[in-house]
Amino acid sequence: STAAPSAETPAGASAGRRRFWITCLAWNVQGTLANGRLAVGFAVEGGEGAVILFDAGVLPGLQLRPVGSVRGHAAGQPLVSLCFAGGQQPGSLLCCSWHDGRITFLPLH
């Protein structure tokens, strides 16, 4: 069995390391297939979910620049799925669904 990745806890959190698992990915094309946004959803040990948003490019090689993050809603539910809704010009709409059935809509510009 392989160990899950871990990261240091943020300042002010309890000492030690927390494990996390990537649970879902969503890609949003911006202009060409070579440029877009990548949303990475993950679960943190204890069940809480979160999303990190990257500005991404694939030419000349994979380039990821973190541009934001979303912490799960107040109930601390795990993230179930992510998707970008189409037709939101000039930005996009990131949809996050949580284990308890709630959906979060995040307009991105």
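Here the structure is shown first, and the text comes after it.
Residues numbered from 1 in each chain as written. Predicted model: local features only at pLDDT ≥ 70, side-chain atom pairs only at ≥ 80, totals over all residues. Heavy atoms only, no water.

Asker: Would you take a moment to explain the overall build of the protein chain for this structure?
Answerer: Helix and strand counts for the protein chain stand at zero helices and eight strands. The linear arrangement of helices and strands in the protein chain, starting from the amino end, is β-β-β-β-β-β-β-β. A total of 109 residues make up the protein chain; the buried ones form 34% of that total. Considering only residue pairs separated by 6 or more positions, the protein chain has 29% of its internal contacts joining residues 24 or more positions apart. Split by element, the accessible area of the protein chain, about 6900 Å² in all, is 59% carbon and sulfur. (Helix = DSSP H or I, 4+ residues; strand = E, 2+ residues; numbered from the N terminus. Buried < 20%, exposed > 50% of the residue type's maximum accessible area, 1.4 Å probe, protein only. Contact = heavy atoms within 4.5 Å. Areas by Shrake-Rupley, 256 points an atom, 1.4 Å probe, with all protein chains shown as cover.)

Asker: Sorry if this is basic, but what is going on with the packing of aromatic side chains here?
Answerer: Here the distance between the centres and the angle between the planes together describe a pair of aromatic rings. Tallying each qualifying case throughout the model produces one aromatic pair. Between Phe-20 and Phe-42, the aromatic rings sit 5.9 Å apart at their centres with planes inclined by 65 degrees, giving edge-to-face as the arrangement. Linking Phe-20 in strand β2 (residues 17-30) with Phe-42 in strand β3 (residues 32-44), this pair joins segments that are 22 residues apart in sequence. For Phe-42, a relative accessible area of 15% gives the class buried. (Phe/Tyr/Trp six-rings, centres within 6.5 Å; stacked < 30°, edge-to-face > 60°.)

Asker: Teacher, can you tell me more about the pattern of salt bridges here?
Answerer: Pairs may arise between side chains of opposite charge once their charged atoms sit close together. Considering all chains together, one arrives at three salt bridges under this definition. Measuring nitrogen to oxygen at the nearest pair gives 2.7 Å for the salt bridge that ties Arg-71 to Glu-48. Of the two residues, Arg-71 is situated in strand β5 (residues 63-71) and Glu-48 in the loop between β3 and β4 (49-57); the sequence distance between them amounts to 23 residues. Overall, Arg-71 belongs to the exposed group, its relative accessible area being 61%. Of the charged contacts in the structure, one is a salt bridge between Asp-100 and Arg-102, with a shortest N-O distance of 3.2 Å. A relative accessible area of 35% means that Asp-100 is categorised as partly exposed. (Salt bridge = Lys/Arg side-chain N within 4 Å of Asp/Glu carboxyl O.)

Asker: Explain the environment of Ser-92 here, please?
Answerer: Looking at the element boundaries, Ser-92 is found in strand β7 (residues 92-98). Relative accessible area serves as the criterion here: at 4%, Ser-92 is assigned to the buried category. Other than its neighbours up to four places away in sequence, Ser-92 contacts Asn-28, Arg-37, Phe-84, Leu-106, Pro-107 and Leu-108.

Asker: What exactly am I supposed to notice about the sheet that holds strand β6 (residues 79-85) here?
Answerer: Think of a sheet as strands paired side by side through backbone hydrogen bonds, with each pair either parallel or antiparallel. Strand order in the open sheet made by the three strands is β6-β7-β8, with antiparallel pairing throughout. Lying at the two open borders of the sheet, with one neighbouring strand each, are β6 and β8 (103-108). When strand polarity is set aside, the average angle formed by the axes of neighbouring strands in this sheet is 20 degrees. As judged from the six bridges shared by β7 and β8, these two strands associate in the antiparallel manner. Within β8, the residue paired with Ser-97 across the bridge is Ile-103. (Pairing = 2+ DSSP bridges. Axes fitted to C-alpha atoms, helices over the stretch in contact; angles between N-to-C directions.)

So far we have only geometry, and geometry alone does not tell us how the molecule works.
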